[in-house]
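Letter by letter, the chains look like this.
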Amino acid sequence: ENLDAPLFETVSGAVIKNVNIRNSSIVSDEYKDYGFLVCTAYNYHYLAEDEQVYETGETVIEHCSVSHSSITVKLPEPEAEEEQPAVTTMEVVPPDVIEYDEDGNIIEPEEEPVEPTKNAEHCIGAITGIGGQIDGCYVTDFGFFNELPDYYLYCGGISGKPAAVTDSAVYYYSAQGNIFNAGGVVGSAA
(Lines give C-alpha, C1' and ligand atoms only; values in the text may rest on other atoms or scores of the structure.)
Protein backbone atom coordinates (compact mmCIF):
# COMPACT_ATOMS: atom_id res chain seq x y z
CA GLU A 1 0.00 0.00 0.00
CA ASN A 2 0.89 3.66 -0.47
CA LEU A 3 3.63 3.19 -3.06
CA ASP A 4 4.91 6.42 -4.59
CA ALA A 5 7.29 4.80 -7.10
CA PRO A 6 7.24 1.71 -9.34
CA LEU A 7 8.17 -1.58 -7.67
CA PHE A 8 10.73 -2.38 -10.42
CA GLU A 9 12.21 0.00 -12.99
CA THR A 10 13.64 -2.43 -15.59
CA VAL A 11 13.58 -6.24 -15.60
CA SER A 12 14.54 -8.97 -18.04
CA GLY A 13 13.49 -12.62 -17.83
CA ALA A 14 11.93 -12.17 -14.38
CA VAL A 15 8.98 -13.99 -12.82
CA ILE A 16 6.68 -11.83 -10.67
CA LYS A 17 3.71 -13.49 -8.93
CA ASN A 18 0.99 -12.63 -6.42
CA VAL A 19 1.82 -8.94 -5.95
CA ASN A 20 -1.16 -6.79 -4.99
CA ILE A 21 -0.80 -3.01 -4.97
CA ARG A 22 -3.51 -0.69 -3.70
CA ASN A 23 -4.07 2.89 -2.55
CA SER A 24 -0.92 4.09 -4.29
CA SER A 25 -0.02 7.16 -6.28
CA ILE A 26 2.97 7.97 -8.44
CA VAL A 27 3.44 11.68 -9.19
CA SER A 28 6.44 12.55 -11.32
CA ASP A 29 7.77 15.05 -13.83
CA GLU A 30 9.93 12.44 -15.58
CA TYR A 31 8.83 11.51 -19.12
CA LYS A 32 9.41 7.71 -19.29
CA ASP A 33 7.67 4.30 -19.25
CA TYR A 34 5.57 3.73 -16.10
CA GLY A 35 3.84 0.79 -14.44
CA PHE A 36 3.26 0.05 -10.77
CA LEU A 37 4.93 -3.36 -10.92
CA VAL A 38 7.41 -2.84 -13.76
CA CYS A 39 8.20 0.16 -15.93
CA THR A 40 10.11 -1.73 -18.65
CA ALA A 41 10.30 -5.51 -19.13
CA TYR A 42 12.37 -6.77 -22.03
CA ASN A 43 13.73 -9.98 -23.50
CA TYR A 44 17.51 -9.51 -23.53
CA HIS A 45 19.27 -11.00 -26.59
CA TYR A 46 23.01 -11.58 -26.80
CA LEU A 47 24.88 -12.80 -29.90
CA ALA A 48 28.16 -14.48 -28.93
CA GLU A 49 31.25 -14.49 -31.14
CA ASP A 50 30.52 -18.11 -32.12
CA GLU A 51 27.14 -16.95 -33.54
CA GLN A 52 25.29 -18.57 -30.61
CA VAL A 53 22.26 -16.53 -29.49
CA TYR A 54 21.44 -16.25 -25.81
CA GLU A 55 18.30 -14.66 -24.42
CA THR A 56 16.57 -14.23 -21.09
CA GLY A 57 13.02 -14.83 -22.30
CA GLU A 58 10.01 -12.65 -21.55
CA THR A 59 9.23 -11.48 -18.05
CA VAL A 60 6.21 -13.37 -16.68
CA ILE A 61 3.74 -11.56 -14.43
CA GLU A 62 0.99 -13.71 -12.89
CA HIS A 63 -1.89 -13.17 -10.48
CA CYS A 64 -1.06 -9.55 -9.65
CA SER A 65 -3.38 -6.60 -9.12
CA VAL A 66 -3.43 -2.82 -8.89
CA SER A 67 -6.42 -1.11 -7.30
CA HIS A 68 -7.40 2.39 -6.19
CA SER A 69 -4.20 3.88 -7.62
CA SER A 70 -3.04 6.51 -10.10
CA ILE A 71 -0.03 7.71 -12.07
CA THR A 72 0.27 11.44 -12.75
CA VAL A 73 3.04 13.03 -14.79
CA LYS A 74 3.23 16.80 -14.64
CA LEU A 75 5.67 19.65 -14.53
CA PRO A 76 6.87 20.55 -11.04
CA GLU A 77 5.13 23.40 -9.26
CA PRO A 78 7.16 26.62 -9.48
CA GLU A 79 8.77 27.53 -6.21
CA ALA A 80 7.58 30.70 -4.55
CA GLU A 81 10.09 33.42 -5.30
CA GLU A 82 10.99 36.19 -2.94
CA GLU A 83 9.61 39.51 -4.04
CA GLN A 84 12.29 41.42 -5.92
CA PRO A 85 12.42 45.19 -6.29
CA ALA A 86 10.90 46.37 -9.55
CA VAL A 87 13.36 46.82 -12.38
CA THR A 88 12.44 48.87 -15.38
CA THR A 89 13.56 47.38 -18.68
CA MET A 90 12.95 48.33 -22.24
CA GLU A 91 12.95 45.87 -25.09
CA VAL A 92 14.47 47.15 -28.28
CA VAL A 93 13.00 45.52 -31.36
CA PRO A 94 14.73 46.04 -34.70
CA PRO A 95 12.41 47.25 -37.45
CA ASP A 96 11.22 44.77 -40.06
CA VAL A 97 12.79 44.98 -43.48
CA ILE A 98 10.25 46.57 -45.77
CA GLU A 99 10.23 45.51 -49.42
CA TYR A 100 8.60 47.47 -52.24
CA ASP A 101 7.30 46.34 -55.62
CA GLU A 102 7.96 48.11 -58.94
CA ASP A 103 5.12 50.59 -58.32
CA GLY A 104 6.43 51.55 -54.87
CA ASN A 105 3.78 49.59 -52.95
CA ILE A 106 4.79 47.72 -49.83
CA ILE A 107 5.05 43.94 -50.33
CA GLU A 108 3.46 42.16 -47.39
CA PRO A 109 5.43 39.07 -46.37
CA GLU A 110 3.55 35.81 -46.71
CA GLU A 111 3.21 33.82 -43.55
CA GLU A 112 3.32 30.09 -44.06
CA PRO A 113 1.26 28.09 -41.59
CA VAL A 114 3.45 25.91 -39.44
CA GLU A 115 1.99 22.59 -38.32
CA PRO A 116 3.35 21.57 -34.94
CA THR A 117 5.07 18.20 -34.90
CA LYS A 118 3.81 15.86 -32.21
CA ASN A 119 6.27 13.16 -31.28
CA ALA A 120 5.42 10.45 -28.83
CA GLU A 121 7.18 7.64 -27.08
CA HIS A 122 6.88 5.77 -23.79
CA CYS A 123 4.15 3.53 -22.46
CA ILE A 124 1.95 3.59 -19.36
CA GLY A 125 -0.07 0.86 -17.67
CA ALA A 126 -1.09 -0.14 -14.16
CA ILE A 127 0.88 -3.43 -14.24
CA THR A 128 3.67 -2.62 -16.76
CA GLY A 129 4.54 0.28 -18.97
CA ILE A 130 6.06 -1.86 -21.70
CA GLY A 131 6.69 -5.61 -22.02
CA GLY A 132 5.93 -8.72 -20.07
CA GLN A 133 3.67 -11.75 -20.48
CA ILE A 134 0.79 -10.87 -18.17
CA ASP A 135 -1.60 -13.60 -17.02
CA GLY A 136 -4.44 -13.65 -14.49
CA CYS A 137 -4.03 -10.02 -13.40
CA TYR A 138 -6.66 -7.40 -12.68
CA VAL A 139 -6.83 -3.65 -12.34
CA THR A 140 -9.63 -1.72 -10.71
CA ASP A 141 -10.01 2.03 -10.17
CA PHE A 142 -6.83 3.10 -11.96
CA GLY A 143 -6.20 6.52 -13.46
CA PHE A 144 -3.41 7.92 -15.61
CA PHE A 145 -3.12 11.69 -15.97
CA ASN A 146 -0.60 13.24 -18.35
CA GLU A 147 -0.21 16.96 -17.73
CA LEU A 148 3.06 17.23 -19.67
CA PRO A 149 3.12 18.82 -23.12
CA ASP A 150 4.73 15.60 -24.44
CA TYR A 151 2.54 12.80 -25.77
CA TYR A 152 2.60 9.21 -24.53
CA LEU A 153 2.53 6.67 -27.36
CA TYR A 154 0.58 3.83 -25.67
CA CYS A 155 -1.58 3.75 -22.56
CA GLY A 156 -3.62 0.82 -21.23
CA GLY A 157 -5.36 -0.32 -18.08
CA ILE A 158 -3.11 -3.39 -17.75
CA SER A 159 -0.10 -2.32 -19.85
CA GLY A 160 0.86 0.27 -22.44
CA LYS A 161 2.48 -2.31 -24.74
CA PRO A 162 2.94 -5.83 -23.30
CA ALA A 163 4.24 -8.97 -25.00
CA ALA A 164 0.90 -10.67 -24.18
CA VAL A 165 -2.10 -10.37 -21.84
CA THR A 166 -4.31 -13.38 -21.00
CA ASP A 167 -7.12 -14.03 -18.51
CA SER A 168 -6.92 -10.48 -17.13
CA ALA A 169 -9.50 -7.80 -16.48
CA VAL A 170 -9.85 -4.04 -16.01
CA TYR A 171 -12.66 -2.31 -14.15
CA TYR A 172 -13.04 1.46 -13.83
CA TYR A 173 -10.07 2.97 -15.65
CA SER A 174 -9.44 6.50 -16.90
CA ALA A 175 -6.67 8.03 -19.03
CA GLN A 176 -6.43 11.78 -19.61
CA GLY A 177 -4.03 14.14 -21.33
CA ASN A 178 -1.75 13.89 -24.35
CA ILE A 179 -1.94 10.23 -25.40
CA PHE A 180 -1.81 8.85 -28.95
CA ASN A 181 -3.13 5.29 -28.40
CA ALA A 182 -5.22 4.38 -25.37
CA GLY A 183 -7.04 1.13 -24.72
CA GLY A 184 -8.99 -0.30 -21.82
CA VAL A 185 -6.67 -3.28 -21.48
CA VAL A 186 -3.62 -2.30 -23.58
CA GLY A 187 -2.61 0.58 -25.82
CA SER A 188 -0.93 -1.82 -28.27
CA ALA A 189 0.43 -5.36 -28.07
CA ALA A 190 3.64 -6.88 -29.40
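Bear in mind that the values here come from a model prediction, so they are computed numbers and not experimental data.

Caption draft 1: Region of the structure containing the sheet that holds strand β12 (residues 120–125). Sheet architecture is open: 3 strands sit in the order β12-β16-β20, paired in parallel fashion. The two strands at the open ends of the sheet, each matched to only one other strand, are β12 and β20 (179–183). Taking the axes of each pair of neighbouring strands and ignoring which way they run, one obtains an average angle of 15° across the sheet. By the bridge criterion, 4 bridges tie strand β16 (residues 151–156) to β20 in an arrangement that is parallel. For Y154, the partnering residue across the bridge sits in β20 and is N181.

Caption draft 2: Seen up close, the sheet that holds strand β5 (residues 38–42). Pairing is parallel in the open sheet, where 4 strands are placed in the order β1-β5-β13-β17. Of all strands in the sheet, those bounded by a partner on one side alone are β1 (8–12) and β17 (159–161). Averaged over all adjacent pairs, the angle separating strand axes in this sheet is 25°, with direction ignored.

Caption draft 3: Summary view of the packing of aromatic side chains. Taken as a whole and assessed by the stated rule, the structure comprises 7 aromatic pairs. Centroid distance Y31 to Y152: 5.1 Å. Interplanar angle 70°. Geometry classified as edge-to-face. Residue Y31 is located in the loop between β4 (25–28) and β5, and its partner Y152 is located in strand β16; the two are separated by 121 residues in the primary sequence. A residue is classified by how much of its surface remains accessible, and Y31, at 22% relative accessible area, is partly exposed. Owing to a relative accessible area of 0%, Y152 belongs among the buried residues under this scheme. Centre to centre, the rings of F142 and Y173 are 6.0 Å apart; their planes meet at 5°, and the pair counts as stacked. Taken together, the positions of F142 in strand β15 (residues 138–146) and Y173 in strand β19 (residues 169–177) put the pair 31 residues apart, joining distant regions of the chain. Judged by relative accessible area, F142 falls into the buried class, the value being 2%. What links up through ring pairs into an aromatic cluster is the set Y31, F144 and Y152.

Caption draft 4: Highlighting the nonpolar core. With 29 residues, the main nonpolar core has Y34, L37, I61, V66, I71, I127 and F144 as its most contacted residues. Those elements that place two or more of their residues in this core are β5, β9 (65–73), β15 and β16. Sequence-distant contacts of F144, defined by excluding residues within four places in its chain, comprise I71, V73, I124, Y152, C155, S174, A175, Q176 and I179.

Here is what the cut-offs are and how they apply
Residues numbered from 1 in each chain as written. Predicted model: local features only at pLDDT ≥ 70, side-chain atom pairs only at ≥ 80, totals over all residues. Heavy atoms only, no water. Pairing = 2+ DSSP bridges. Helix = DSSP H or I, 4+ residues; strand = E, 2+ residues; numbered from the N terminus. Axes fitted to C-alpha atoms, helices over the stretch in contact; angles between N-to-C directions. Phe/Tyr/Trp six-rings, centres within 6.5 Å; stacked < 30°, edge-to-face > 60°. Buried < 20%, exposed > 50% of the residue type's maximum accessible area, 1.4 Å probe, protein only. Core = buried A, V, L, I, M, F, W, Y, C linked by side-chain atoms within 4.5 Å. Contact = heavy atoms within 4.5 Å.

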